[in-house]
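Structure at a glance
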Amino acid sequence: MEWNVNSAVIIGNEHERMKRNRQDFCGYFLPGEPGQKRYGGVICDGCSAGIYSEVGAALIGNLILNLMKTVDIAKPDVFSSSFEDHIIHFIRQLILCLKISSGPDKIGFIHHFLLTTFIFAVIEEDRIIIGRSGDGVIVINDQVKIIDQQGKPHYIAYREIPQEYFKEPRGIVNDFSVNMYSASSINRFVIASDGLFPAIKAQKLPELFGTEKRQLQRKFNVWQQKEKFFYDDVSCIVFNKVEPSQYSARHDSNL
């Protein structure tokens with residue numbers, strides 16, 4: 001079963017206006033590496049209140065990309081706990097290696113560098129796993145799921161901040177979740193940061209599908225240049241199932 005994977009990431013109007021870095025991260029991999037048969041992709045949305053949130057988004061995004069290549073996905077509960085443990089261990093080791101020991105320094109570092117939401121997807125043969133922490137958008141076939149946490153995302157790095165440091169009680173400081181689907185039941189799906197909301201509102205979701213190479217990125221560039229469409233940063237990965245006849249035709253044309 002073959003898939004076409006395409007992505008786009010763009011800085012939002014507000015970050016341009018304030019001369020701030022883009023805080024979203026977007027990356028994916030395809031089969032082809034030695035022993036690698038999976039497809040995988042991840043988007044991360046760094047906290048807008050953090051000064052350097054793009055650092056945590058990129059670091060955790062790359063960690064997730066590499067985990068998806070190696071972690072056993074046969075059992076969702078085992079996969080979920082292993083995945084979560086790896087991310088928390090990485091955050092702890094990073095803080096330890098930087099020799100950040102005091103409470104306020106640790107809290108400040110996490111706040112400004114490590115707060116990021118993420119959504120990831122990995123495809124292996126007949127199964128698809130989609131996991132997330134925090135808010136964002138997941139589209140499966142034509143069903144749109146908007147995870148809106150009212151401007152207070154449940155960042156996974158909050159696990160390393162004691163409750164007494166929060167200004168108000170937080171009932172859920174991490175809602176990391178993983179779901180498995182049969183690949184035969186899905187023809188296309190999207191994972192995206194909440195910056196995609198304007199495209200959903202404008203009913204542009206159908207335009208995300210069926211793109212090749214850099215077409216999706218160019219589409220986002222045009223929307224932003226002509227219409228200043230996206231207020232916030234956007235990261236988006238689109239997965240389209242390729243029918244066997246389409247896959248053969250594509251390879252034949254490259255001979």
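Residues numbered from 1 in each chain as written. Predicted model: local features only at pLDDT ≥ 70, side-chain atom pairs only at ≥ 80, totals over all residues. Heavy atoms only, no water.

Its location among the elements puts Lys201 in helix α5 (residues 197-201). The exposure class of Lys201 is exposed, given its relative accessible area of 76%. Between the alpha carbons of Lys201 and Arg214 there is a distance of 24 Å; along the sequence they are 13 residues apart. (Helix = DSSP H or I, 4+ residues; strand = E, 2+ residues; numbered from the N terminus. Buried < 20%, exposed > 50% of the residue type's maximum accessible area, 1.4 Å probe, protein only.)

Moving on: the sheet that holds strand β5 (residues 127-133). Read across the open sheet, the five strands follow the order β2-β3-β4-β5-β8; overall the sheet is antiparallel. Each edge of the open sheet is held by one strand with a lone partner, namely β2 (24-29) and β8 (177-182). The sheet shows a mean angle of 10° between the axes of neighbouring strands, taken without regard to direction. Sheet topology places strand β4 (residues 116-124) next to β5; seven bridges connect them, and they run antiparallel. Within β5, the position partnered with Ala121 by the bridge is Ile130. Across the sheet, helix α2 (residues 53-70) touches β2, β3 (39-46) and β4, and the angle it forms with β3 is around 160°. (Pairing = 2+ DSSP bridges. Axes fitted to C-alpha atoms, helices over the stretch in contact; angles between N-to-C directions. Contact = heavy atoms within 4.5 Å.)

Turning next to helix α3 (residues 76-97). Over its 22 residues, α3 extends 31 Å from the first C-alpha to the last, a length consistent with the 32 Å expected when each residue adds 1.5 Å. Of all the positions in α3, only Phe79, Ser80, Phe83, Glu84, Ile87, Ile88, Ile91 and Ile95 are classed as buried. Along α3, the residues classed as buried sweep out an arc of 150° about the axis, all on the same side. Residues of α3 that are exposed and point more than 90 degrees away from the buried face comprise Asp85, Leu96 and Cys97. (Expected span 1.5 Å × (residues − 1). Arc of directions from axis to C-beta.)

Checked against the element boundaries, Arg38 lands in the loop between β2 and β3. Relative accessible area serves as the criterion here: at 8%, Arg38 is assigned to the buried category. Of the polar contacts made by the side chain of Arg38, one reaches the backbone oxygen of Met68; its length is 2.7 Å. Within polar-contact distance, the side chain of Arg38 engages the backbone oxygen of Val71 at 2.9 Å. Ignoring sequence-local partners within four residues, the contact set of Arg38 consists of Phe29, Leu30, Pro31, Met68, Lys69, Thr70, Val71, Asp72, Ile73, Val122, Ile123 and Glu124. (Polar contact = N/O pair within 3.5 Å; in protein donor to acceptor, adjacent residues only side chain to side chain.)

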